[in-house]
Amino acid sequence: MRLIEKVFNPTGKKHAGTLIFFHGSGDTGSGLTEWIRFLLGRDMEFPHIKVIIPTAPVQPYTPMGGENSNVWFNRKRIEMDCPEIRTSLASIYDTVNEMIVRELAAGVPLNRIVVGGFSMGGALAMHTGYHLNRDLGGVFAISSFLNTGSIVYDSLDCISPEEQLPELLMMHGERDTLVPLEWGQTTFDELAKQGVRGQFVPHRTALHEIKKDQLLRVIDFVQKIIPEPTDDAPEPSKPETTTKPAKSIKKGKL
């Protein structure tokens, strides 16, 4: 399924990396784009990185009484101890995988792709980087959490000790009442126990929202993971065919 996407191509001559930014439940790619523009006073653009801000599919969402909403997946309740609906997650996995394969076909290596998001979008980013494809460069999540017993934890249980996982940046508002700080901290601690390296940054004044300084930290994080290539650096090699990239992707099990 091809999603509606807001795309910001590199402002320079080279496309040497990709950032995929997932919005929160009930929002759209256009809504997140406007939010970023309001906070930064500009679009999130880089000289060498393509930015993709997709819109989640419209589907019934149980916490809203089954009404249709733009959500990445369905869940029974917004509670950490509520089991995931793994069949719902599986359908969005395929869609996200298609996005990653397109970037691979354009010549972008997996380790120069960063995924991240706000709230539910941050949860999807963690599923993407630690379950669907552990060869990505980095993951960030703002005001997000993984459910207790998440399939992500099951997937990480199966990795070898020498496998290098994407770096993680988590940020969370201390005044968030929809997704309490403790849920985010617990998620980070559980991932750290399973070999994920990164940073958890509380924000003293933030509610369930994105703050400007959090976006600036995201920009620094992305530029660290995907540095701008020097003029004498070789261009990323493109795959020989468009069918080979899918085979290189390490998928977790449903």
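- Within an unreviewed UniProt entry, the label attached to the protein reads palmitoyl-protein hydrolase, and the organism entered is Anopheles stephensi.
- Its UniProt record gives the protein the following Sequence similarities (unreviewed entry) comment, quoted word for word: "Belongs to the AB hydrolase superfamily. AB hydrolase 2 family."

### With respect to empty space enclosed by the protein
Over the atoms rolls a probe the size of a water molecule, and in doing so it shows where empty space is left.
And step 1. Taken as a whole and assessed by the stated rule, the structure comprises 3 cavities of 30 Å³ or more.
And step 2. Approximately 100 Å³ is the volume found for the largest cavity.
And step 3. Forming the walls of the largest cavity are F73, N74, R75, R77, E84, I85, L89, A123, H127, F145, L146 and N147.
And step 4. Taken together, the residues of the lining of the largest cavity break down into 6 nonpolar, 3 polar and 3 charged.

### Quick word on unusual backbone geometry
And step 1. Positive phi is not limited to glycine here, since S119 has a value of about 55°.
And step 2. Checked against the element boundaries, S119 lands in the loop between β6 (113-118) and α3 (120-132).
And step 3. With a relative accessible area of 10%, S119 lands in the buried category.
And step 4. One non-glycine residue, S143, adopts positive backbone phi at about 55°.
And step 5. Relative to the elements of secondary structure, S143 occurs in the loop between β7 (138-142) and α4 (151-157).
And step 6. Overall, the relative accessible area of 1% leaves S143 in the buried class.

### Re the packing of aromatic side chains
And step 1. Across all of its chains, the model carries 5 aromatic pairs by this definition.
And step 2. Aromatic side chains F188 and F200 sit 5.9 Å apart centroid to centroid with 50° between the ring planes, which places their arrangement in the tilted category. Of the two residues, F188 is situated in helix α5 (residues 181-193) and F200 in strand β9 (residues 198-203); the sequence distance between them amounts to 12 residues. Neither F188 nor F200 differs from the other in exposure class; each is buried.

### Considering the pairing of strand β8 (residues 167-173)
And step 1. With respect to burial, β8 is a largely interior element, 7 of its 7 residues being buried.
And step 2. Alternating residues of β8 divide into E167, L169, M171 and G173 and L168, M170 and H172, and every residue in both groups is buried.
And step 3. Each parallel crossover has a hand, and the one from β7 via α4 to β8 is right-handed.
And step 4. Alignment of β8 against β9, held across 6 bridges, turns out to be parallel.

### Description of the packing of helix α1 (residues 29-40) against helix α6 (residues 212-225)
And step 1. Where α1 meets α6, the axes come as close as 9 Å, and the angle between the chain directions of the two elements is 100°. Looking at the two axes, α1 sits roughly perpendicular to α6. Listed contacts from α6 to I36, L39 and L40 of α1 are K212, L215, L216 and I219.
And step 2. Of the residues contributing to the contact of α1 with α6, the split by class is 6 nonpolar, no polar and 1 charged.

Rules behind the numbers
Residues numbered from 1 in each chain as written. Predicted model: local features only at pLDDT ≥ 70, side-chain atom pairs only at ≥ 80, totals over all residues. Heavy atoms only, no water. UniProt positions renumbered as here; feature names shortened; annotations may be inferred. 1 Å grid on protein atoms, 1.4 Å probe; cavity = no way out; pocket = protein on both sides within 12 Å on 5 of 7 lines; lining within 4 Å. Points joined across faces, edges and corners; volume = space filled by probe spheres on them. Nonpolar A, V, L, I, M, F, W, Y, C, P; charged D, E, K, R; others polar. Helix = DSSP H or I, 4+ residues; strand = E, 2+ residues; numbered from the N terminus. Buried < 20%, exposed > 50% of the residue type's maximum accessible area, 1.4 Å probe, protein only. Phe/Tyr/Trp six-rings, centres within 6.5 Å; stacked < 30°, edge-to-face > 60°. Right-handed = clockwise from strand over helix to strand, strands pointing away. Pairing = 2+ DSSP bridges. Axes fitted to C-alpha atoms, helices over the stretch in contact; angles between N-to-C directions. Parallel < 35°, antiparallel > 145°, perpendicular 65-115°, else oblique. Contact = heavy atoms within 4.5 Å.

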